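Observations on chain architecture
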Amino acid sequence: MIDLHCHILPGLDDGPGTLVQSVEMARMAADDGITRIVATPHIVDDQLSMKEVGKSVVKLNRALKHQQVPVEIIPGGETASALDPSISGDFVIANTRYLLLEFPHTHLPQTARETLFRIRKMGVTPIICHPERNPSIVDNPGLLLDLLDGDVLVQITAGSLTGQFGRDARQCARYLLKKGVVTVMASDGHETRDRKPVLSAGVKAAARILGQEKAMALVKTNPAAIIQGKRIYQCQ
Ligand SMILES: [Fe+2]
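Residues numbered from 1 in each chain as written. Predicted model: local features only at pLDDT ≥ 70, side-chain atom pairs only at ≥ 80, totals over all residues. Heavy atoms only, no water.

Our next topic: the sheet that holds strand 4 (residues 72-75). The sheet built from three strands is open, its strands ordered 1-2-4 with parallel pairing. With one partner strand each, in any of the chains shown, strand 1 (2-6) and strand 4 form the two edges of the open sheet. Going from strand to strand, the sheet's axes swing by 25° on average, the running direction of each strand aside. Relative to strand 4, strand 2 (residues 36-39) runs parallel, the two sharing four bridges. Bridge pairing in strand 4 links Arg36 to Glu72. Sheet contacts for helix 2 (residues 50-66): strand 2 and strand 4; angle to strand 4, the most-contacted strand, approximately 175°. (Pairing = 2+ DSSP bridges. Helix = DSSP H or I, 4+ residues; strand = E, 2+ residues; numbered from the N terminus. Axes fitted to C-alpha atoms, helices over the stretch in contact; angles between N-to-C directions. Contact = heavy atoms within 4.5 Å.)

Right under this line is the structure:
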C-alpha cells in the first residue's frame, strides 16, 4: 500500500520530534503493509522550503535503509488553503502536478472555489485533504460536491472510517465513499500512539462499503498513479 499523506519527517511540524521516532513510524507502517509514504509536513507559511523537505526525506530514507525498514519516503506537503498558490505550488507530491490542500478545521472558506481555481490555473491538480473532518462539509456535504469535477480530487483519512474522529466524520466519510468521489485514503499519521501511520483497518471498513477491489484502489493503484504523475480522474 501507499500512504499519500503522513507527517513522518522529524522536527518539521506536529509529527515526530526525532529521527528515531520517524523510523518507528515507518516500521509501524511497514508492519501494516505500507511500502511507500509521501511525507507531507504542514505548510502554513513560507518558512519551510521544498529543498529542506527533500533533504529531510533523503536523511530518513538513509536511516530506513540502514535499519532495514522496507519503506520508501517520497517528498510532498500538506498545504494550507490560506497560503498563496505561488508558495504552496512548490510542495507538489514527488515533483508531479498533484498538490495536497487542507482547508481550515473550523469551516470551509468562502474563497474555496477561488483557491482551487488558482491552483488549477497553474496546471496543478488539488487533492482536498480529509473533507469529512471539516464541520461545514459534515453539515452539508453538498458544499464539497459542488467544488468537485474531474480535476479536483478527494483524500479521506483512514481513521475517519474506523470512528477515530467521531461519528460525524465517519458518517461523512462513508457518504463520500458511497458517492464515489473519493480517490485516495491516507493515514494522516503523526506518531505511533494515537495518530498511527496505518491503513489496513480503514481499508477493511471501506471494503464493507465499496468491496475489496475498490477499497484497495484507494491505497494502491490511485496513489500509485498520483506519485507517478499519471492522469487520474475523480471517480475510479
Ligand atoms: Fe495531515
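Structure shown, so let's carry the discussion forward.
Here the focus is the sheet that holds strand 3 (residues 42-43). Pairing in this open sheet of six strands is parallel, and the strands run 3-5-6-7-8-9 from one edge to the other. Two strands in the sheet have a free side with no partner beyond their single neighbour: strand 3 and strand 9 (184-186). Sheet topology places strand 7 (residues 125-129) next to strand 8 (residues 153-157); three bridges connect them, and they run parallel. Of the residues in strand 8, the one forming a bridge with Ile127 is Leu153.

On the secondary structure map, Arg208 appears in helix 9 (residues 200-210). Sequence separation of Arg208 and Met50 is 158 residues, and the distance between their C-alpha atoms is 38 Å.

Moving on, we come to helix 8 (residues 167-179). For helix 8, spanning 13 residues, the distance from its first C-alpha to its last is 18 Å, which sits close to the expected 18 Å at 1.5 Å a residue. Every buried residue of helix 8 is listed here: Ala169, Cys172, Ala173, Leu176 and Leu177. Mapping the buried residues of helix 8 onto a view down its axis gives an arc of 140°, with all of them on the same face. Along helix 8, exposed side chains directed more than 90 degrees from the buried face belong to Arg167, Gln171 and Lys178. Buried residues belonging to helix 8 abut helix 5 (135-139), helix 6 (142-145), strand 8, helix 7 (158-161) and helix 9. (Expected span 1.5 Å × (residues − 1). Buried < 20%, exposed > 50% of the residue type's maximum accessible area, 1.4 Å probe, protein only. Arc of directions from axis to C-beta.)

Take the coordination of the iron ion next. Coordination of the iron ion by the protein involves His5 (NE2), His7 (NE2), Glu78 (OE) and Asp188 (OD), with metal-donor separations of 2.1 to 2.2 Å. Coordination geometry of the iron ion: the four donor atoms subtend angles of 84 to 171° at the metal centre, consistent with an arrangement described as irregular. Counting the intervening residues between successive donors of the iron ion yields the motif H-x1-H-x70-E-x109-D. Taken together, the residues span a long stretch of sequence, with His5 in strand 1 and Glu78 in strand 5 (residues 78-80) at a distance of 73 residues. Of the two residues examined, His5 and Glu78, each falls in the buried class. (Donors = N, O, S within 2.8 Å, 3.2 Å for Na, K, Ca; no water. Tetrahedral: all angles 85-135°; square planar, octahedral: opposite > 155°, others 65-115°.)

This brings us to a positive patch on the surface. Positive charge collects at one region of the surface, where Arg170, Arg174, Lys178, Lys204 and Arg208 lie side by side. When residues of the positive patch are traced back to their parent elements, those giving at least two are helix 8 and helix 9. Here the positive patch takes three residues from helix 8, the largest share from any one element. (Patch = residues over 30% accessible without salt bridge, like charges linked within 9 Å, V, L, I, M, F, W, Y side chains within 5 Å. Areas by Shrake-Rupley, 256 points an atom, 1.4 Å probe, with all protein chains shown as cover. Salt bridge = Lys/Arg side-chain N within 4 Å of Asp/Glu carboxyl O. Lys, Arg positive; Asp, Glu negative; His and termini not counted. Charge placed at Lys NZ, Arg CZ, Asp CG, Glu CD.)

Linking two cysteines covalently through their sulfur atoms gives a disulfide. In this structure the tally under the stated criterion is zero disulfides. Cys129 supplies the cysteine sulfur nearest to Cys172, a cysteine that is in no disulfide, at a spacing of 14 Å. (Disulfide = S-S within 2.5 Å.)

Right, let's talk about the packing of helix 1 (residues 19-31) against helix 2 for a bit. As a packed pair, helix 1 and helix 2 sit with axes 10 Å apart at the nearest point and diverge in direction by 65°. The element helix 1 and its partner helix 2 pack so that their crossing is right-handed. Judged by residue contacts, Leu19, Ser22, Val23 and Ala26 of helix 1 engage Leu60, Ala63 and Leu64 from helix 2. When grouped by side-chain class, the residues that make up the contact of helix 1 with helix 2 number six nonpolar, one polar and no charged. (Left-handed = near helix turned anticlockwise from the far one by under 90°. Nonpolar A, V, L, I, M, F, W, Y, C, P; charged D, E, K, R; others polar.)

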